[in-house]
Amino acid sequence: MAKTSALIRTFIGVAAPASPALSEVLRELKAMGSAIKPADEAKLHVTLKFLGDTPEDQIESIGNAIADVASTFAPHRVDLRGLGVFPHAQRPAVIWIGMQRAETLVAMAAGFELAMCDFGFEPEERTFSPHLTLARVKAKPPRSLLDLLDANRETSFGEFAVDGICLYASELTPHGPEYTVLRSCPLAR
C-alpha cells in the first residue's frame, strides 16, 4: 500500500508591512471589542492564491512553479487606499484596505491560478480583488465601525514594495493563524 503524503494548509502571498496609518486603524479596530478580531500587524499579507490542504510531497514542485511565475514580473509598488468590508456594511464579515496601482498583483494572481491547475488546485470562481485583510467580524459590530468606514473610504494608508512572493504554511491555532514561509521567490531584477 502506498504511503500518503501529509497535508499542509498553504497559500501564495505577499508580505505587507504596516505603515503608521495602518497601525492606527488596527488599534482603532482592536478597541472596538470582541466582535472584531484584527489581524496581527506583524503578519499582514496579501493572499494571491489560497491553496488549502496541500500534499507535503508537492511543496518543492509548487515552490518551483511559483518561482517560475514570480520571475516574469518586475518589483513594483502598491498603494493602500480606502477602508471597506465584505460582503457589505449591513453584514460585514471582513474589514479590508483596498489597493491602487495593483494591476501587476492581478496579473500575478492570474499566473498563479493557471500554474496551480497543474497540481490539481481548482481555479477561483471569483475575480481576484486585491486587498489587505485587516480584521474579521465575529459578531454584530459596534456603530463605531460604520463611522470608521465612513471616515476612511478614501484614506491613504501608504504604499509598500512588492519584490517577492512567498508560499506560506498556515496553521490555525486558538490564538489566531500562524504563518511559516515555506519558499520565498524574488521577482525579476
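About the thresholds
- Residues numbered from 1 in each chain as written.
- Predicted model: local features only at pLDDT ≥ 70, side-chain atom pairs only at ≥ 80, totals over all residues.
- Heavy atoms only, no water.
- Helix = DSSP H or I, 4+ residues; strand = E, 2+ residues; numbered from the N terminus.
- Contact = heavy atoms within 4.5 Å.
- Salt bridge = Lys/Arg side-chain N within 4 Å of Asp/Glu carboxyl O.
- Buried < 20%, exposed > 50% of the residue type's maximum accessible area, 1.4 Å probe, protein only.
- Polar contact = N/O pair within 3.5 Å; in protein donor to acceptor, adjacent residues only side chain to side chain.
- Pairing = 2+ DSSP bridges.
- Axes fitted to C-alpha atoms, helices over the stretch in contact; angles between N-to-C directions.
- Left-handed = near helix turned anticlockwise from the far one by under 90°.
- Nonpolar A, V, L, I, M, F, W, Y, C, P; charged D, E, K, R; others polar.
- Expected span 1.5 Å × (residues − 1).

1. Points about the environment of Glu-154
Alright, step 1. Residue placement: Glu-154 occurs in the loop between helix H4 (143-151) and strand E7 (156-162).
Alright, step 2. With 17 residues separating them along the chain, Glu-154 and Glu-171 place their C-alpha atoms 34 Å apart.
Alright, step 3. Leave out the neighbours within four places in its chain, and Glu-154 touches Arg-81 and Gly-82.

2. Considerations on the pattern of salt bridges
Working definition: two side chains of opposite charge can pair if their charged atoms are close together.
Alright, step 1. Enumeration according to the criterion identifies ten salt bridges in this entry.
Alright, step 2. Between Lys-43 and Glu-178 there is a salt bridge, with its nearest N and O atoms 3.2 Å apart. With Lys-43 in the loop between strand E2 (36-38) and strand E3 (45-55) and Glu-178 in strand E9 (residues 176-186), this residue pair connects regions lying 135 residues apart in the sequence.
Alright, step 3. With relative accessibility at 36%, the residue Glu-178 sits in the partly exposed group.
Alright, step 4. The partner of Arg-126 in a salt bridge is Glu-124, with the nearest N and O atoms 3.4 Å apart.
Alright, step 5. On the accessibility criterion, Arg-126 (66% relative accessible area) is exposed.
Alright, step 6. Among the charged side chains, a salt-bridge network with shared partners connects Arg-77, Asp-79, Arg-101 and Glu-159.

3. With respect to the side chain of Thr-54
Alright, step 1. If you trace the backbone, Thr-54 turns up in strand E3.
Alright, step 2. A polar atom in the side chain of Thr-54 sits 2.6 Å from the side chain of Thr-10.
Alright, step 3. Thr-54 has contacts with Ala-6, Leu-7, Ile-8, Thr-10, Ile-59, Ile-62 and Phe-121, leaving out every residue within four places of it along the chain.

4. A closer look at the sheet that holds E9
Alright, step 1. The antiparallel open sheet is built from four strands, whose spatial order is E3-E1-E8-E9. The open sheet has two free edges, formed respectively by E3 and E9, since each of these has just one partner strand. Each adjacent strand pair in this sheet contributes to an overall mean axis angle of 30°, direction not counted.
Alright, step 2. Here strand E1 (residues 7-15) runs beside E3; their pairing, made up of nine bridges, is antiparallel. Residue Phe-11 lies in a different strand from E3, and its bridge partner there is Phe-50.
Alright, step 3. Sheet contacts for helix H2 (residues 59-70): E1, E3, strand E8 (164-173) and E9; angle to E9, the most-contacted strand, approximately 60°.
Alright, step 4. Contacting E1, E3 and E8, helix H3 (residues 103-117) crosses the sheet at an angle of about 10° to E3.

5. Observations regarding the packing of H2 against H3
Alright, step 1. Running from amino to carboxyl end, H2 crosses H3 at an angle of 145°, the nearest separation of the two axes being 10 Å. Once H2 is placed against H3, the crossing between them reads as right-handed. On H3, the residues touching Ile-62, Ala-65, Ile-66, Val-69 and Ala-70 of H2 are Met-108, Gly-111, Phe-112, Ala-115 and Met-116.
Alright, step 2. The residue inventory of the contact of H2 with H3, partitioned by class, reads nine nonpolar, one polar and no charged.

6. Details of H3
Alright, step 1. End to end, H3 covers 22 Å across 15 residues, agreeing with the expected 21 Å (1.5 Å per residue, within 8%).
Alright, step 2. Those residues of H3 lying buried are Leu-105, Met-108, Ala-109, Phe-112, Glu-113, Ala-115 and Met-116.

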